[in-house]
Amino acid sequence: MTGAREAVGGIVVGIDPDRNWHLPLAWAADEAFRRRLPLRLVLAVPPQHDAQHVDDTPRQTALRGAGAERLEQARDWVRERHPELAVATDLQGGFPAPVIAAMAEQARLVVLGSRHLGRVAEVLSAGSLVLPVTAQASCPVVVVGDAEHITQRPLYIVVGIDGSSASAAALEFAFDAADLRGAQVRSVSVWQPPVFLLHDEEAALQAQRALLAETTAGLSGKYPDVLLTHEVLVGHPVEELARAAEHALAVVVGRRGRGGYTGMRLGSTAHGLLHRAHCPVITVPTG
């Protein structure tokens, strides 16, 4: 019988031909091993810039050859780490972001490394991958710019809760990930005081606590081995969630919002954490 963790679709990890791929690949391989899922290593070679005036065939051939070699190196590295894991390689032609976003339609997870680009560079750079894939993928996206903090005890995963359906999906993912790792879940709601406070602050904080309790109700019964804690923080959501996750295995948030980038759906908190958090950032779409 196929369980939830053995559903159709494996884990896709993007291999950067120009940067060190070991950190995101280690995360992806370990997660595939935990979930008993196949792992697919993907490297995309962008098309030539000006096919009408320049014969770029030799360069494309060289790039594809280098890409195939890098994929083979990555596959061999995974097999040394998890010999029994099913690993496939996929050398694609095309720009990396749309290639990987399309593959996300059949994946359980997409895992990417982070180049730690600035906010302008992430939009304008031809190598930008994290922002468009995180915004458009139909499955959860894990951005591994820093390692899991496995030396911290007890192990814990932070999940941001704001009462939306997106944060409810993030909470479910966080519980499942914590259950796999023997970790706790810290559910965090951040209240950002308005410029003009029309109501009592304690009443506002109590409302946030009620929101946390309502959103998390029922999941402890589904995951009886996962200890859940609630915490309401005051301040900017990105800064407070990043601080709460400073020693975490990961921080998990829902994906929502349509502001800032045409055709993309990435809320400001998720976007900010990609720059600010010092642990893997997992963004979970709604539905």
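Because the structure is predicted, anything quoted here is derived from the model rather than measured.

Definitions and cut-offs
- Residues numbered from 1 in each chain as written.
- Predicted model: local features only at pLDDT ≥ 70, side-chain atom pairs only at ≥ 80, totals over all residues.
- Heavy atoms only, no water.
- pLDDT = per-residue confidence, 0-100.
- Helix = DSSP H or I, 4+ residues; strand = E, 2+ residues; numbered from the N terminus.
- Contact = heavy atoms within 4.5 Å.
- Expected span 1.5 Å × (residues − 1).
- Buried < 20%, exposed > 50% of the residue type's maximum accessible area, 1.4 Å probe, protein only.
- Phe/Tyr/Trp six-rings, centres within 6.5 Å; stacked < 30°, edge-to-face > 60°.

## Side note on the confidence of the model for the protein chain
(1) Moving on: In this model, the protein chain carries a mean pLDDT of 85, and residues with pLDDT of at least 70 account for 84%.
(2) Moving on: For the protein chain, per-element mean pLDDT is lowest for helix H4 (residues 119-124), which scores 45, and highest for strand S6 (residues 156-160), which scores 97.
(3) Moving on: The model gives residues 119-127 a pLDDT under 50, and that stretch makes 15 contacts with residues more than four places away or in other chains.
(4) Moving on: Within the model, pLDDT remains below 50 along residues 257-264, and this stretch shows 15 contacts once partners closer than five positions in the same chain are excluded.

## Quick word on helix H1 (residues 22-35)
(1) Moving on: Taking 1.5 Å of rise per residue, 14 residues should cover 20 Å, and H1 covers 20 Å from first to last C-alpha, within 8% of that figure.
(2) Moving on: Where burial is concerned, most of H1 is hidden: 10 out of the 14 residues are buried.
(3) Moving on: The set of residues buried in H1 consists of Pro24, Leu25, Ala26, Trp27, Ala28, Ala29, Asp30, Glu31, Ala32 and Arg35.

## Some remarks on the packing of aromatic side chains
(1) Moving on: As enumerated under the stated definition, the model contains 2 aromatic pairs in all.
(2) Moving on: For the ring pair tryptophan 21 and tryptophan 77, a centre distance of 6.0 Å and an interplane angle of 75° mean the geometry is edge-to-face. With a gap of 56 residues between them, tryptophan 21 in the loop between strand S1 (11-14) and H1 and tryptophan 77 in helix H2 (residues 57-81) connect regions that are remote in the sequence.
(3) Moving on: Assessed through its relative accessible area of 23%, tryptophan 77 is described here as partly exposed.
(4) Moving on: Aromatic pair phenylalanine 175 and tyrosine 223: ring centres 5.6 Å apart, planes at 25°, arrangement stacked. Note that phenylalanine 175 is positioned in helix H6 (residues 165-181) and tyrosine 223 in the loop between helix H8 (219-222) and strand S8 (228-234), a separation of 48 residues in sequence.
(5) Moving on: Residue phenylalanine 175 is classed as buried on the basis of its relative accessible area of 0%.

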